[in-house]
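Listed below are the residues making up each chain.
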Amino acid sequence: MKKSKISFSTTHIILLSFFIAVLLGAVLLSLPISSATGEWTPFVDALFTSTTATCVTGLVVVPTFSAWSTFGHIVILFLIQIGGLGVITVVSILAMLFHKKMGLSDRLLLQDAFNLNTLSGLSQFVKKVVLGTFLVEGIGALLYMTVFIPDFGLKGIWISVFTAISAFCNAGIDIIAPDSLAGYVHNPIINLTTCLLIFFSGIGYIVWWDVIRVIKQRKAKKVKIFKALTLHSKIALATTLILIFGGALCIFFFEYNNPQTMRDFTLYQKIQASFFQSVTTRTAGFFTVPQENLSNGSALVSVLLMFIGGSPVGTAGGVKTVTIAVVVSAAISAIKNKNDVTMFNRTLSKQAVSKAIAVICTSFFIMFMSTLLLSAVTDASLLDILYETASATATVGLSRNLTATLNTLGKIIITATMYFGRVGPISLAVALNLKKQNPNIIKNPVEDISVG
């Protein structure tokens with residue numbers, strides 16, 4: 001009698017890899033060596049911290065800078081880096097270092113982990129991703145050192161490295177103070193460095209290589225950079241800039257006379273703080289102004305920006321810029337009674353539109369259920385709860401001071417939200433990529449319905 005083999009799809013492997021990383025991190029963080037006091041950490045708190053680090057979220061139930069030892073900080077940093085690059089990527093790189101040849105199954109797994117449309121050049125792509133990540137993080141760390149070394153001495157080197165990796169991976173976890181980067185709200189180096197790290201990681205690796213390709217072409221022959229980019233890059237860059245500048249303008253307007261945030265700032269400081277808030281909502285999680293002091297208008301704008309997040313094939317979370325751009329374009333096409341969805345004089349495939357709608361619906365369902373459940377176990381205001389769940393779903397890490405007050409059930413709900421918010425849309429995208437449509441399948445009859 002033959003034994004049945006248990007087979008795992010790439011979706012299962014991605015889900016399982018994140019779960020194992022979270023569980024191992026939780027075990028390590030629960031040990032006395034990870035605690036600043038040398039005592040055992042409650043497992044629910046260790047699990048929450050491990051999840052927020054691996055899912056590069058940034059919500060914390062205990063102050064990161066004071067609750068954990070140096071060993072604990074190292075564990076958290078490793079989890080952030082693994083979560084930013086992706087568990088599958090890290091395992092693949094280790095295999096390459098040991099000269100293990102990548103088989104077809106390995107390539108398929110990487111393709112699905114990065115949500116790519118081709119198997120060609122995957123090894124080189126992964127190598128470039130890792131090298132590019134370390135290069136940008138290294139530059140960010142050096143820029144941070146110009147401020148943190150004078151402020152913290154030699155410890156500033158470690159703080160700079162930690163902050164650079166956390167910013168690039170969009171984790172938003174720091175070891176500076178309990179109020180994130182609020183102490184550096186007026187420091188242009190910290191603001192600019194953090195915003196650039198968030199921008200470059202959130203724009204996506206595909207856009208990196210595409211821009212480099214076009215720049216090289218420009219040297220050989222005169223071409224307009226934006227025009228020569230692929231459709232994906234055009235959508236990602238255009239949507240990102242619209243969201244950053246649009247978000248900053250809204251926040252500037254809502255917070256201009258807010259005495260609890262920016263009223264006493266100079267005009268330049270208000271512009272700087274507004275841009276930082278708009279950029280950090282791209283799933284980074286750092287803040288320079290207290291989130292609980294934001295006006296309702298700014299809070300709602302931040303919720304929307306958090307839900308959208310960064311761009312595909314990067315370290316950011318959210319439903320992604322390209323996804324929202326596709327759905328908005330589809331809505332405009334429907335309003336104009338057009339059969340095709342077009343962007344930048346190109347027609348989008350129906351599969352891309354369906355996939356975008358599915359990802360948004362999945363993320364919205366996760367956020368809605370989390371909001372509903374959290375409302376049942378906490379007495380916080382609905383806006384604070386929505387802010388928390390949107391932050392967890394999109395793996396942002398911004399909070400209106402609700403995380404630290406959560407009870408055990410609340411912690412479990414947000415832990416699950418961070419996990420599903422990180423792997424849910426990814427797994428859905430993978431599942432949609434894996435599902436091959438049979439051209440000979442019998443189709444059901446078509447019938448019109450009334451919509452709207």
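Quick look at the structure, then. (Residues numbered from 1 in each chain as written. Predicted model: local features only at pLDDT ≥ 70, side-chain atom pairs only at ≥ 80, totals over all residues. Heavy atoms only, no water.)

A short note on the packing of aromatic side chains
- All chains considered together, the criterion is met by 15 aromatic pairs.
- Between the aromatic rings of Phe 226 and Phe 344, the centroid separation amounts to 5.8 Å while the plane-to-plane angle is 65 degrees, which identifies the pairing as edge-to-face. Taken as a pair, Phe 226 in helix α11 (residues 225-228) and Phe 344 in the loop between β1 (342-343) and β2 (346-347) lie far apart in primary sequence, 118 residues in all.
- On the basis of relative accessibility, which here comes to 35%, the residue Phe 344 falls in the partly exposed class. (Phe/Tyr/Trp six-rings, centres within 6.5 Å; stacked < 30°, edge-to-face > 60°. Helix = DSSP H or I, 4+ residues; strand = E, 2+ residues; numbered from the N terminus. Buried < 20%, exposed > 50% of the residue type's maximum accessible area, 1.4 Å probe, protein only.)

Some points on the packing of helix α2 (residues 43-54) against helix α4 (residues 70-85)
- Where α2 meets α4, the closest approach of the two axes is 7 Å, and the angle between their N-to-C directions is 40 degrees. By the angle between their axes, α2 is oblique relative to α4. Between α2 and α4, the contacting residues are Thr 49, Ser 50, Ala 53 and Thr 54 on the first element and Ile 76, Leu 79, Ile 80 and Gly 83 on the second.
- Classifying every residue of the contact of α2 with α4 gives four nonpolar, four polar and no charged. (Axes fitted to C-alpha atoms, helices over the stretch in contact; angles between N-to-C directions. Parallel < 35°, antiparallel > 145°, perpendicular 65-115°, else oblique. Contact = heavy atoms within 4.5 Å. Nonpolar A, V, L, I, M, F, W, Y, C, P; charged D, E, K, R; others polar.)

What about α2?
- Taking 1.5 Å as the rise per residue, α2 with 12 residues should run 16 Å; its terminal C-alpha atoms sit 16 Å apart, in good agreement.
- Among the 12 residues that make up α2, nine are buried, leaving the element largely enclosed by the rest of the structure.
- Residues Asp 45, Ala 46, Phe 48, Thr 49, Ser 50, Thr 51, Thr 52, Ala 53 and Thr 54 constitute the buried set of α2.
- Once α2 ends, the next one or two residues include Val 56, with phi positive near 40 degrees. (Expected span 1.5 Å × (residues − 1).)

Notes on the nonpolar core
- Core analysis: the largest hydrophobic core is formed by 61 residues, its most contacted members being Ile 76, Ile 80, Phe 148 and Tyr 205.
- For this core, the element with the highest residue contribution is helix α7 (residues 122-152), accounting for eight residues.
- In contact with Ile 80, not counting residues within four places along its chain, are Ala 53, Val 56, Phe 162, Ile 165, Ser 166, Cys 169, Ala 171 and Ile 173.
- Counting residues in hydrophobic clusters, the runner-up holds 28 residues, among them Phe 307, Ile 324, Ala 390 and Leu 398. (Core = buried A, V, L, I, M, F, W, Y, C linked by side-chain atoms within 4.5 Å.)

Some details on the pattern of salt bridges
- Inspection of the entire model under this criterion finds four salt bridges.
- A salt bridge links Arg 263 to Asp 264, with the shortest nitrogen-to-oxygen separation between them at 3.8 Å.
- Overall, the relative accessible area of 64% leaves Asp 264 in the exposed class.
- Arg 400 is the salt-bridge partner of Asp 384, the closest N and O atoms lying 2.6 Å from each other. Taken together, the residues Asp 384 in helix α17 (residues 382-393) and Arg 400 in the loop between α17 and α18 (408-434) connect sequence positions 16 residues apart.
- The class for Arg 400 is buried, based on a relative accessible area of 10%. (Salt bridge = Lys/Arg side-chain N within 4 Å of Asp/Glu carboxyl O.)

Regarding empty space enclosed by the protein
- All told, the structure shown has two cavities of 30 Å³ or more when counted by the stated rule.
- Around the largest cavity, the lining residues are Asn 170, Ile 198, Phe 199, Gly 202, Ile 203, Thr 240, Ile 244, Arg 282, Gly 310, Ser 311 and Ala 316.
- When contributions to the lining of the largest cavity are tallied by element, the ones reaching two or more residues are α9 (188-202) and α12 (231-255).
- Considering each element in turn, the lining of the largest cavity owes the most residues, three residues, to α9.
- Considering only residue class, the lining of the largest cavity consists of five nonpolar, five polar and one charged.
- Approximately 30 Å³ is the volume found for the second largest cavity.
- In terms of residue class, the lining of the second largest cavity is made up of three nonpolar, four polar and no charged. (1 Å grid on protein atoms, 1.4 Å probe; cavity = no way out; pocket = protein on both sides within 12 Å on 5 of 7 lines; lining within 4 Å. Points joined across faces, edges and corners; volume = space filled by probe spheres on them.)

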